Structures are given as C-alpha cells and as structure tokens.
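Reading the structure
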Amino acid sequence: MRILVTDGMDKGALAVLRELGHDVVEQFYEPDELGKALQDFDAVVVRSKTKVRANHIDEACKGKLKLIIRGGVGVDNIDVKYAESKGITVKNTPKASSQSVAELALGLMFSCARFIGHSGYTMRNDQWEKKAYSKGIELQGKTLGIIGFGRIGQHLGKMAKAIGMDVIAFDIFKVPTISDELGIPYVELDDLLKKSDFISVHAPAVDGGAIINAETIAKMKDGVNIINTSRGTNLDEAALLAALESGKVHAAGLDVFSVEPPTCKELYNHPMVSCTPHIGAQTAEAQKRIGAEIVDIISNFK
Ligand SMILES: NC(=O)c1ccc[n+]([C@@H]2O[C@H](COP(=O)([O-])OP(=O)(O)OC[C@H]3O[C@@H](n4cnc5c(N)ncnc54)[C@H](O)[C@@H]3O)[C@@H](O)[C@H]2O)c1
C-alpha cells in the first residue's frame, strides 16, 4: 500500500510498515492541499492536527484512497459518515491510550488538590508562596464521580480506588458486570453531581451541549474540583470560569479546550486551573501501542 502519515507516528511502527513492503510517506499537508494529495495514496494515517473533511474526501475519491486511520480515540477530526458513504473505511485505535489519559486525569486531580501546576509557575517567577498554597487536601477518602465509564473512565476508577477514593460513575450506557467487577456503583447524573468532591469527564464529544454547564455546576457540591480530559466542548468554559470566580468550584484540571489552541485566556491563566495542551495520549507507551494497532489495521485491511 502507499500510505501517507500526516501527523507523525511511532518510529518502530513506521519501520515495520516499510519492512512489510509498504511505501510510507511522512508529510503534513495544509487543509487546502490535503484533498489533492490524498488521491495518490491508498491509506492515510492522521492524529489530531489533520482534519479530513468532506471536501478532502471528495477530492480523494478522484484517486485511490480506501482507508483513513486515526491514531487515537476520538474521530471528530474526520467526517466519518461522509467518508464511509463514499466507500472509504475509517478506523481508529481506541484502546491504546486509555491508561495514559487516565493517568493524566489523576495527575490533574492531584494538581487541583495541591496546586502543583500554579505553585510551580509562581516559583519560576521567584515567588515563595508557601502560605497561599498551604490549604491542600488529600484525595484519599474523597468521592470521585466519573462521567462516561468507558475505557478511560474505568482505568481512572481503578487507580482512584487504589489510593482510597470512593468512586461512583454515570454512563448513558450502563454495563452491570463492569460496575460489579470494579466495585464502582453506577448512579444517576444528579446524584453524582451532588455527591462528588472530584468530577472527571470521560464521555466522547456529546451532541446537544456541554455536560458541565451552569446548570450542572449549580447541582454540584460547593468546592468541587472538575477535570476534563475528554473533549473541550463537553465543558462550558464561561460557566466554569464564573464558578471558579465565585468559589463554587475549587479548582479545575483541563487537557482539552473548546477551541485548540485555546482562546479562553482568563480560564487557562486562572490560578486554580491546571492545564495541559491536549497531551492525554502523548506517552511513549501509548504511542508504541497506537503504532502497533495501526500496523495491525493495515495488515488486516482487505
Ligand atoms: N485528552 C486526550 O488526549 C484524549 C485521548 C483519548 C481520548 N480522549 C477522549 O476521551 C473520550 C473517552 O474515551 P474512551 O476510550 O474512554 O471512550 P469509550 O467509548 O470507551 O467510553 C466513553 C463512555 O462514555 C459514555 N457516554 C457517551 N455519552 C455520554 C454522556 N452524554 N454521558 C455519560 N456517558 C456518556 C459511553 O457510553 C461510553 O461508555 C474519547 O471519546 C475522547 O474524546 C481524550
């Protein structure tokens, strides 16, 4: 196969693809050049930077493109239904990065509890704000509410239990066996909002507005901590900022934003917000697993 890799890929997996005889080209294309470029390839591998939209697919259909692979979980950067309607298969690598994202969510929880992000930043400005950061809390004994109890949510739930948190979960699709095996009960959303000291969102980008908005925040405990490593649109950034200002929300940890790079400067500059630039899946281990899954997809593609 002639394969275009636009946003980078694990070097070992690239070598395997070439050893298998595939012609692999690593090259990023700007949106106005992508469609035409795709005509010359059987498959394209993207991460999140490249967006494959209907106009690119229309152009690509004039050539030989048969397969689009998203190295990662969410496929919101690809017009999947449109591609499939044109006979192009779309695949992703859903399992490869779950532990990495869950670990980042846990890290952001620790950062909310102990101001790790912002206190480090103040020290870089030669400040020693010991008093300002002396009101930390422990995670042990606190309640974590997980919204979206799929792969990442379950990984996080297991780790949170291991450090002594009480974990509850809400999912629109409840699988009783998972809940029983992990000893993590499902609750209704309102119940989760009411009981949780930490709320971490792990649902895909949902239609019909943000899950975390002014209305759901109002139902939360005072002093709640909110983590979002799912998709930026799942959280109303203006509502979160207002709730941080009022003290309703103690702190937030954000890896994803409604627009990336983010424009909500007041939010990502807020002293009680720890942020990372959408790096949930960016670990050496996840990249290797993503690479291996991509090799499998290509090897099994007929
Ligand atoms: N930060 C990152 O770099 C990064 C990396 C990978 C994935 N993600 C995001 O994390 C999300 C979750 O990934 P996953 O692998 O756990 O997916 P998954 O499909 O295994 O789990 C998602 C769960 O959310 C549930 N759900 C869907 N809509 C919901 C709603 N409105 N309310 C409550 N639950 C709902 C589903 O039933 C499912 O159980 C992805 O869709 C992606 O957007 C982010």
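Residues numbered from 1 in each chain as written. Predicted model: local features only at pLDDT ≥ 70, side-chain atom pairs only at ≥ 80, totals over all residues. Heavy atoms only, no water.

What to know about the nonpolar core
Note the cut-off: Buried Ala, Val, Leu, Ile, Met, Phe, Trp, Tyr and Cys residues form a nonpolar core when they are joined through side-chain atoms within 4.5 Å. Each residue is assigned to one of three classes by its accessible area relative to the maximum for its type, calculated with a 1.4 Å probe on protein chains only: buried under 20%, partly exposed between the two thresholds, exposed over 50%. Under the scheme used here, helices are H or I runs from DSSP no shorter than 4 residues and strands are E runs no shorter than 2 residues, and both carry numbers assigned from the N terminus. Contacts are assigned to residue pairs that have any heavy atoms within 4.5 Å of one another.
Ranked by internal contacts, the top residues of the largest apolar core, which has 29 residues, are Ile212, Ile226 and Leu240. Listed by contribution, the elements that provide at least two residues to this core are strand S7 (166-170), helix H9 (189-195), strand S8 (198-201), strand S9 (224-228), helix H11 (237-246) and strand S10 (249-254). Of all the elements, H11 adds the most residues to this core, at 5 residues. With residues near it in sequence (within four places) discarded, Ile226 still touches Ile199, Ile212, Ile217, Met220, Leu235, Leu240, Val249, Ala251, Ala252 and Gly253. The next biggest cluster of nonpolar side chains, apart from the first, holds 26 residues, and it includes Ala102, Ala105, Ala169 and Ala251.

Side note on the site of the ligand
What counts, and what does not: Any residue with a heavy atom lying within 4 Å of a molecule or strand is counted as near it. Counted as a polar contact is a pair of N or O atoms within 3.5 Å, where, for protein atoms, one must be capable of donating a hydrogen and the other of accepting one, and residues adjacent in sequence contribute only when both atoms are in side chains. The method behind every accessible area is Shrake-Rupley, applied with a 1.4 Å probe, and residues are considered shielded solely by the protein chains displayed.
Contacts to the ligand come from 24 residues, most closely from Arg151, Ile152, Asp171, Thr229 and Asp255. Ile152 places a polar main-chain atom, nitrogen or oxygen, 2.8 Å from an oxygen atom of the ligand. Take Arg231: an N or O atom from its side chain is 3.4 Å from an oxygen atom of the ligand. In isolation the ligand offers 860 Å² of accessible surface; the protein chains occlude 85% of this area.

What to know about the environment of Tyr121
Looking at where Tyr121 falls in the secondary structure, it is placed in helix H6 (residues 116-124). Residues Tyr121 and Arg151, 30 residues apart in the sequence, show an inter-C-alpha distance of 32 Å.

Looking at the environment of Glu293
Structurally, Glu293 can be placed in helix H13 (residues 284-300). C-alpha of Glu293 to C-alpha of Gly71: the two residues are 222 residues apart in sequence and 8.4 Å apart in space. Every residue in contact with Glu293, bar those within four places of it in the chain, is listed here: Asn92, Thr93, Pro94, Lys95 and Ala96.

Considering unusual backbone geometry
Residue Glu260 is joined to Pro261 through a cis peptide bond whose omega torsion reads -5 degrees. With respect to the helices, strands and loops of the structure, Pro261 is situated in the loop between S10 and helix H12 (265-268). Despite not being glycine, Asp126 shows a phi value in the positive range, around 60 degrees. Checked against the element boundaries, Asp126 lands in the loop between H6 and strand S6 (143-147). Owing to a relative accessible area of 74%, Asp126 belongs among the exposed residues under this scheme. Here the phi dihedral of His278 falls at roughly 50 degrees; this positive angle occurs in a residue that is not glycine. If you trace the backbone, His278 turns up in the loop between strand S11 (273-275) and H13.

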